[in-house]
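Letter by letter, the chains look like this.
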Amino acid sequence: MIIEARPGPLTADPQRMAVVVVDMQNDFGAEGGGVHAGGGDISVVRAAVAPTAAALDAARRAGIRVIYLKHGYAPDLSDMGPRDSKNWLVHATHVGQETAAPDGSTGRILVRGTWNTRILAELTPRDGDLVIGKTRFSGFHGTGLDATLRGLGVDTLIVTGCTTSVCVESTVRDAMFLDYRPVVLADCTGEPQGREHHESTLVLVERVFGWVAYSAAFRRAVDAPMPG
C-alpha cells in the first residue's frame, strides 16, 4: 500500500505493519480522569477518539495488528523510579492520588488495575489486539514492545495517541532509533499542553524521525485495491 504522507508518500506492506495506540486511557481522555480532575483540557484528546476508532477499524479489516500502550504504575509506586529522578518528580504531585471514578469505584491516578488506566471505552481493545503496559514516556523503555514487533515481523508503525509531544514523541524517537518506520497520524493524536507543542512534534517527526499523515489517507491506503 502507499500512504500519502509528509515529507513524501510511504510504501508499506500491510503484513509488516502495526498500529500503536499510545496511552488513550481514562486518566488522559475521560471526564473524571487525572487530567480532567486536575483542571486540564481533555478536548484535544477527545477530538482524536473518533478518527482513531475509524483508523483502527480499517486496520483490523486489513489484518493489521493493533497494539495498545498503557501508562501505569504499581500500587506502591515502586516502579516510578528513585525519588530524586525526573520521572518521580514529574509524577509525584498527582500519581497515586485517589479519585472518585465515574463507574463508582475508587480510582487512583495512573495506578495499574484501576479505572484510571483503562483504555477509553470508545477504543476498547478487540480480540486479537495486544496491550502492553509501560512506566516511562516511551513505549519501548523497559517493555516487551520491541520483541513483540520483531516477532510479528513489523517494520512500519502507524502511531496514534497522547500526548503528542511527550509519550507519542518519545515512542516515535525510540522507534526510529530501532530502525522502525513510524508514521504519526496527526488527527489521531492530542496535546493538552498546547497546540504549539503538538505542531512542533509533527514538524520534528516529518523532518527527522518519520512521517506524518492523516487518518483519511491511512484508510484510503488500507482500502485501496491491491495491484495485480
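Whatever comes next refers back to the structure up there.
Right, let's walk through the structure included here. One numbering rule holds for all chains: residues counted from 1, following each sequence as written. Local features are withheld for residues below a pLDDT of 70 in this predicted model, meaning they are given only at 70 or higher, and side-chain atom pairs are given and counted only at 80 or more; totals for whole chains, interfaces and linings count all residues. Where side-chain values are given, they derive from all heavy atoms of the structure, hydrogens and water being excluded.

Some remarks on the overall build of the protein
For the protein, the count of helices and strands is nine helices and 10 strands. In this treatment the radius of gyration is a C-alpha quantity, and the globule benchmark scales as 2.2 Å times the residue count to the 0.38 power. Against the 2.2 N^0.38 benchmark of 17 Å for 228 residues, the protein shows a C-alpha radius of gyration of 17 Å, consistent with a compact globule. With the C-alpha coordinates aligned to their principal axes, the bounding extent of the protein is approximately 55 × 35 × 35 Å. For the protein, buried positions account for 50% of its 228 residues. Whether two residues touch is decided by their heavy atoms; if any such pair falls within 4.5 Å, the residues are in contact. For the protein, contacts bridging at least 24 residues in sequence account for 71% of all contacts bridging at least 6. Areas reported as accessible are Shrake-Rupley estimates using a 1.4 Å probe. Residue values count occlusion only from the protein chains shown. Approximately 10200 Å² of the protein is accessible, and the part contributed by carbon and sulfur atoms is 53%. Averaged over its 22 positive side-chain charges, the protein has a centre that lies 2 Å from the centre of its 26 negative ones. Here a strand is any run of E in DSSP of at least two residues, a helix any run of H or I of at least four, and the numbering for each starts at the N terminus. Exposure classes here rest on a 1.4 Å probe applied to the protein chains alone. A residue is buried below 20% of its type maximum, exposed above 50%, and partly exposed in between. In summary, the charge assignment counts Lys and Arg as positive and Asp and Glu as negative, without counting His or the chain termini. For this purpose, a charge sits on NZ of Lys, CZ of Arg, CG of Asp or CD of Glu.

Considerations on the sheet that holds strand β10 (residues 211–213)
The sheet built from six strands is open, its strands ordered β7-β4-β3-β8-β9-β10 with parallel pairing. On the outer flanks of this sheet lie β7 (130–134) and β10, each paired with one strand and no other. Here the strands of the sheet are splayed against their neighbours by 25 degrees on average, with no regard to which way each runs. By the bridge criterion, five bridges tie strand β4 (residues 65–71) to β7 in an arrangement that is parallel. Considered in β7, the bridge of isoleucine 67 is made with leucine 130. Across the sheet, helix α4 (residues 49–61) is in contact with β3 (17–22), β4, β8 (156–162) and β9 (181–190); its angle to β4 comes to roughly 140 degrees. Seen against the sheet, helix α8 (residues 195–209) touches β9 and β10 and runs at an angle of roughly 165 degrees to β9. We call two strands paired when DSSP finds no fewer than two bridges between them. To define axes, lines are fitted to C-alpha atoms, for helices over the stretch in contact only, and angles between the resulting N-to-C directions are given on a 0 to 180 degree scale.

Here we look at helix α9 (residues 215–223)
Within α9, burial applies to Ser215, Ala217, Phe218, Ala221 and Val222. Buried residues of α9, seen end-on, are gathered within an arc of 160 degrees and therefore sit on one face of the element. To obtain the arc, one takes the directions from the helix axis to the C-beta atoms.

Description of α8
In this model, α8 (15 residues) spans 20 Å end to end at C-alpha, consistent with the 21 Å of a helix rising 1.5 Å per residue. Within α8 the residues assigned to the buried category are His198, Thr201, Leu202, Val205 and Phe209. Along the axis of α8, the buried positions cluster into a sector of 105 degrees, meaning they face one direction only. When the buried face of α8 is taken as reference, the exposed residues oriented beyond 90 degrees from it are Arg195, Glu196 and Arg207. Where α8 is buried, its residues contact α7 (164–177), β9 and β10. The span you would expect from a helix comes to 1.5 Å times its residue count less one.

Observations regarding the packing of aromatic side chains
One pair of aromatic rings is described through two measures. These are the centre distance and the angle between the planes. Working definition: rings of Phe, Tyr and Trp (its six-membered ring) pair if their centres are within 6.5 Å, and the pair is stacked with planes under 30 degrees apart, edge-to-face with planes over 60 apart, and tilted otherwise. All told, the structure shown has two aromatic pairs when counted by the stated rule. Here the aromatic rings of phenylalanine 177 and phenylalanine 209 are separated by 6.3 Å at their centres, their planes lie at 75 degrees, and the arrangement is edge-to-face. Within this pair, whereas phenylalanine 177 is found in helix α7, its partner phenylalanine 209 is found in helix α8, the two being separated by 32 residues in sequence. Phenylalanine 209 gets classed as buried once you look at its relative accessible area, which sits at 10%.

Some details on unusual backbone geometry
Omega for the bond connecting arginine 6 with proline 7 falls within 30 degrees of zero, at 10 degrees, which places this linkage in the cis form. By the secondary structure assignment, proline 7 is in the loop between β1 (2–3) and β2 (10–11). Despite not being glycine, leucine 110 shows a phi value in the positive range, around 55 degrees. Looking at where leucine 110 falls in the secondary structure, it is placed in the loop between β6 (106–108) and β7. For leucine 110, a relative accessible area of 4% corresponds to the buried category. For aspartate 179, which is not glycine, the phi dihedral falls at a positive 75 degrees.

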